[in-house]
Structures are given as structure tokens and as C-alpha cells.
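Okay, here's what each chain looks like letter by letter:
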Amino acid sequence: MVYKQMVVASMSLELLRTLCALPAPPGQEETFRQFMIEHLSPYADEVRTDALGNVFFFRKGKSSSPRTIMLAAHMDEISFLVRHISKEGFLYVQPLGGFDPRVLDAQRVWVHGRQRLLGVFGTKPTHFTSPEERTKAVPLEDMFIDVGLPAESVTELVGIGDAVTLERELVEMGHCYTGKTLDDRIGIYVMIEAFKRFAESQDTIVAAATVQEEVGVRGAHAAAFGIEPDIGIAIDITIAADIPGIEERNWCVRLGGGTAIKIMDARSISDRRLVQFFRTLASESAITHQMEILPRGGTDAAGMQLARNGIPVCTISIPCRYAHSVVESVHRDDVAASIELVRIFCEQSHRFTTT
Ligand SMILES: [Zn+2]
């Protein structure tokens, strides 16, 4: 596995840490998009944005009649909007994306008001809870954020509709990276690295950093309508449920088991020929890979697939434990394998035919 050491050694923890730290609630991806433009423009022949806020980086194909291949990874993260401020200055929030309230209790957050404020999801002390309350998660609508300021200051600095994102730094843990927002900053990272690394392509490669995936795969749909790709490849996390309490037959994929080639999830069925093509590429280059069937969830592939007259899609997934929490964890070897598979796909896509 020569590629593994080489790719792992050249991966940038610093870049990944920056990607995970930048806030991008659905519909408020400006800061993140600006970073993408600054970071990836030097590698692109052309950069475009659209009205929804998707951003596209083009590398022109060498063929005389190049096809268009769209890679897509989403910029937005599960987050919240302030929906109510109590007269004591506590904030109540509307979720954007699928949160499990059990993982929010006692977490730190950033409140993006007139200035950025640190806050915490406040929680009733165990001394004050009944035995019954202790067995149940507090529903999100009853949870509140405390920013440690008097009510007058809170109402001055925070307004209805201000964004709230989770606060947690990305760190290395064993052979893994762990933190918030690896869904889908690890997909963005894989797309960036593959886009920077591929030598040349017969097809035109478009790396799309998309918006509003966590609220129902909205950005990728509009993006694919505009770009009109011949093929769409989403890059996102998938659920590695290989943890205590879950039977092996329900693991979906294994952390450290390699990049995952998606056969299907709840929102898209990958084009069978593309699935086979990715398997062939992975086998030829000895890239550790596994096949994925995820009974729930969806990726940007779902949005691309339904644009215009329909687009053949597939998703390359990075296995992730503890998805949609602040301790999302991915294995560095799976990240390296994903970068390598997407890079080779960009160089070899002309070998794929739909006839
Ligand atoms: Zn995602």
C-alpha cells in the first residue's frame, strides 16, 4: 500500500482543522465559500458561483469534445438559528439539519450575533432532576443556550435568525481525526486534495462546493441543473456503525476498512456502471475499499441525479463514527484511500462509458 503512506504523509491537518473551524450554517455559507475561492482558485482554470451560493472550480478537459464530470461536497453544517430570546437572556433555537438532542446537552456553541459569542447548552443539574428525567433526553425545543451575559447585553448583541454552530476543535486521536463537522468537511478536504493532485483529464472536471445539503440536498440540485454534468460524483461521509451495541450485519461500513463506494442510500441508487468502474479503478490501484449500502440518509448525489433529464451518479464515502455529533471520527487511511480513488477517477474518467 505505497499510496497510503505517501498520501497520509502529504495530508494537511492544518487545512482540515481550518475547514472544520469555519462556520457554514445552511444558507450562510459566505465565509466558507470565500475560503474555498482563496484556497482552490490557483488550481482552477475558471471559478464560478451561482445564485444559491454554490461555488465551482473548473479544470478543462484535454479531449476535443470533453464531457463534464461534477464532483460535489457540501460546505454547510448542521447548526441552528436563534428563534426566541427569553427575558432572562436565554436563547432558544431552531435546528438546521438532523440533530440528536442527546449529544447536545452541555456542549459549547458559537452564537454568530453582532459579534461572535461563546455559549453553552445549559442543562439542569443532576441534583434537580427526577429519576425519570434522568433516563430521557431533553427535547431540543426545551433546550436553551446561555452566553453568560445579562439579558440587556444579549438582546443588544443577538437577534432572531442569528446562526449558532457547535464549538469543538479538530484533533488527532490514535489513527483518527475527531471533531465537529467532519460531515462534510472531510468530503470537502478529499475533493480539494484530489482536485489539486490529478495530473490531467480528458474530461472537464468541476469541483462543486455546495450549499444547503443538510436541510434536504438543495444546493446540489440547482448546481447540477446549471452545470449540466454528464456524470455526478458526491463525496460525503457515511455511517460506520462498527461500535459496541450494534450487530456486525448492521455496521454498514467499517472505520479503517477503506474508502466506501456507495451502492445506495435512502435518497439515491448509484449508477451500477459507475459503481463497477470505481471498483475496477480501486482494484487496479490496490486502493483499500469497501462497498456501502446505507438504509438511511442521502448525499449530494440525490440532488444531482434528479437534475434536468437525470444524471448518472455515485457517491464516494468516508466512513465516519458518531455522525452529527461533536466527536465525529474518521480514519486517516480511509481519507487517504478516498483522495487517491477520486484523483485516479479524475485522470481515468474517459474510460467510463454509458453505452
Ligand atoms: Zn454530509
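What counts, and at which threshold
- Residues numbered from 1 in each chain as written.
- Predicted model: local features only at pLDDT ≥ 70, side-chain atom pairs only at ≥ 80, totals over all residues.
- Heavy atoms only, no water.
- Helix = DSSP H or I, 4+ residues; strand = E, 2+ residues; numbered from the N terminus.
- Buried < 20%, exposed > 50% of the residue type's maximum accessible area, 1.4 Å probe, protein only.
- Lys, Arg positive; Asp, Glu negative; His and termini not counted.
- Salt bridge = Lys/Arg side-chain N within 4 Å of Asp/Glu carboxyl O.
- Polar contact = N/O pair within 3.5 Å; in protein donor to acceptor, adjacent residues only side chain to side chain.
- Contact = heavy atoms within 4.5 Å.
- Pairing = 2+ DSSP bridges.
- Axes fitted to C-alpha atoms, helices over the stretch in contact; angles between N-to-C directions.
- Arc of directions from axis to C-beta.
- Core = buried A, V, L, I, M, F, W, Y, C linked by side-chain atoms within 4.5 Å.
- Parallel < 35°, antiparallel > 145°, perpendicular 65-115°, else oblique.
- Nonpolar A, V, L, I, M, F, W, Y, C, P; charged D, E, K, R; others polar.

*Asks:* Honestly, the side chain of Asp236 in this entry has me stumped. Any pointers?
*Replies:* Positionally, Asp236 belongs in strand 13 (residues 231-239). It turns out Asp236 is buried and unbridged, and the closest side chain with the opposite charge, Lys262, is 7.6 Å from it. A polar contact of 3.3 Å, which involves the side chain of Asp236, links it to the side chain of His74. When neighbours within four sequence positions are excluded, Asp236 is seen to be in contact with His74, Asp183, Asp184, Glu213, Thr299, Thr315, Ile316, Ser317 and Ile318.

*Asks:* Just checking my understanding: could you explain the sheet that holds strand 3 (residues 68-74) for this structure?
*Replies:* Sheet strands associate in pairs through backbone hydrogen bonding, adopting either a parallel or an antiparallel arrangement. The strand order across the open sheet built from eight strands is 1-2-12-3-13-16-14-15, with neighbouring strands paired in mixed fashion. A single partner strand is all that each edge strand has here, and the edge strands are strand 1 (46-49) and strand 15 (289-293). Strand after strand, the sheet turns through a mean of 25 degrees between neighbouring axes, direction not considered. Across the sheet, helix 3 (residues 30-40) touches strand 1, strand 2 (55-59) and strand 12 (204-210), and the angle it forms with strand 2 is around 15 degrees. Contacts from helix 6 (residues 219-227) reach strand 1, strand 2, strand 3 and strand 12 within the one sheet, and its direction differs from that of strand 3 by about 160 degrees.

*Asks:* Any chance you could explain helix 3 here in plain terms?
*Replies:* Given 3.6 residues per turn, any residue in an α-helix points the same way as the ones three and four places further on. Inspection of helix 3 places Phe32, Arg33, Phe35, Met36 and Leu40 among the buried residues, and these make up the whole buried set. Taken around the axis of helix 3, the buried residues stretch over an arc of 160 degrees, which confines them to a single face. Contacts from the buried residues of helix 3 go to helix 2 (13-21), strand 1, strand 2, helix 5 (182-197) and strand 12.

*Asks:* What is the right way to look at the nonpolar core in this model?
*Replies:* Generally speaking, nonpolar side chains in soluble globular proteins are found buried as a group. Among the nonpolar cores identified, the biggest contains 63 residues, and Met36, Ile186, Ile188, Tyr189, Ile233, Val335 and Phe345 are the most heavily contacted of them. Core analysis: the next-biggest nonpolar cluster, separate from the first, contains 22 residues, Phe80, Leu91, Leu140 and Val154 among them.

*Asks:* What exactly am I supposed to notice about the packing of helix 7 (residues 272-284) against helix 9 (residues 332-348) here?
*Replies:* Think of two packed helices as two axes; the pair is described by the angle between the axes and how far apart they sit. The geometry of helix 7 relative to helix 9 is characterised by a closest axis approach of 10 Å and an angle of 110 degrees between their N-to-C directions. Here helix 7 lies roughly perpendicular to helix 9, going by the angle between them. Of helix 9, the residues touching helix 7 (which contributes Leu274, Phe277, Phe278, Leu281 and Ala282) are Leu341, Ile344, Phe345 and Gln348. Its residues assigned to classes, the contact of helix 7 with helix 9 comprises eight nonpolar, one polar and no charged.

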